[in-house]
Amino acid sequence: MSMPTQGSGMDSPTTAGAPHSAAEVKGSSLGELMRQVTTDLSTLMRQEVELAKAEIRQEGRKAGKAAGLFGGAGFGGYMVALFLSLALWAGLSNVMDAGWAALIVAVIWGAIAAVLYSKAKQNARHVRGLSQTSDSVQRIPDALKPHPEGVTR
């Protein structure tokens, strides 16, 4: 997986991604400076979008594979639990009424479900988001971030 790079490779040294010397800035018109800023900003935004897409694809593949494996394991576990529950119900039916035996098995499964829900909720808090994209967006200079309270028209 390739990471986005600055500029397209076809830019001159005084455009996107290249630092500008004081002499270059002094000799440039306001229009030229605005074009360079716009080009640099456009390149930055394009790189951020590409980084986010790459990170989402990478995390999505991992999550998809894990979900498929968990699904298969879950189905196998479901079948085991079903037949063990039927065996427990049948075993308890030998010493008590079948209705009470079924109720006991259902209560046991209710308790198991509550514990699993609690653990799932705890694990959901640890899901990792787009950390690289978030870090790089935070490094965008404050001058490029909107400050609505300071804007007057």
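Structure's up top.
Chains are numbered independently. Their residues run from 1 in the order of the written sequence. Reporting in this predicted model follows two pLDDT cut-offs: at least 70 for local features of residues, and 80 or more for side-chain atom pairs to be given and counted; totals over whole chains, interfaces and linings ignore these cut-offs and use all residues. Note: side-chain values were computed over all heavy atoms of the structure, leaving out hydrogens and water.

(A) Region of the structure containing the packing of helix H2 (residues 30–93) against helix H4 (residues 131–138). Only C-alpha atoms enter the line fits that serve as axes; for helices the fit covers just the stretch in contact. Angles between N-to-C directions range over 0 to 180 degrees. For the purposes of this entry, the term helix denotes a DSSP run of H or I that reaches at least four residues, the term strand denotes a run of E that reaches at least two, and both are numbered from the N terminus. Between H2 and H4, whose axes approach to 8 Å, the crossing angle comes to 160°. The angle between H2 and H4 falls in the class roughly antiparallel. Crossing handedness for the pair H2 and H4: left-handed. When H2 is examined against H4, the residues Glu48, Leu51, Ala52 and Glu55 are found in contact with a partner set consisting of Ser131, Gln132, Thr133, Ser136 and Val137. Partitioned by chemical class, the residues of the contact of H2 with H4 number three nonpolar, four polar and two charged. Orientation is classified from the angle alone, with under 35 degrees giving roughly parallel, over 145 giving roughly antiparallel, 65 to 115 giving roughly perpendicular, and any other angle giving oblique. Should the near helix be turned anticlockwise from the far one by less than a right angle, the crossing is termed left-handed; should it be turned clockwise, right-handed. Contacts are assigned to residue pairs with any non-hydrogen atoms lying within 4.5 Å of each other. Note on residue categories: nonpolar means Ala, Val, Leu, Ile, Met, Phe, Trp, Tyr, Cys or Pro, charged means Asp, Glu, Lys or Arg, and polar means any other residue, Gly included.

(B) Broad picture of the packing of H2 against helix H3 (residues 98–124). The contact between H2 and H3 brings their axes to 8 Å, and the two run at 140°. Here H2 and H3 pass one another in a crossing that is right-handed. Judged by residue contacts, Ala81, Ser85, Leu88, Trp89, Leu92 and Ser93 of H2 engage Ala98, Ala101, Ala102, Ile104, Val105, Ile108 and Trp109 from H3. Looking at the contact of H2 with H3 residue by residue, the classes come out as 11 nonpolar, two polar and no charged.

(C) Local environment of a nonpolar patch on the surface. Like-charged residues are merged into a patch within 9 Å and nonpolar side chains (Val, Leu, Ile, Met, Phe, Trp, Tyr) within 5 Å, provided each residue has over 30% relative accessible area and no salt bridge. Method for areas: the Shrake-Rupley scheme with a 1.4 Å probe, in which residue coverage is limited to the protein chains shown. Every case where a carboxyl oxygen of Asp or Glu lies within 4 Å of a side-chain nitrogen of Lys or Arg is listed as a salt bridge. A cluster of nonpolar side chains, contributed by Leu88, Val95, Met96, Trp100, Leu103, Ile104, Val107, Ile108, Trp109, Ile112 and Leu116, occupies part of the molecular surface with about 1000 Å² of accessible area. Along the chain, Val95 falls in the loop between H2 and H3.

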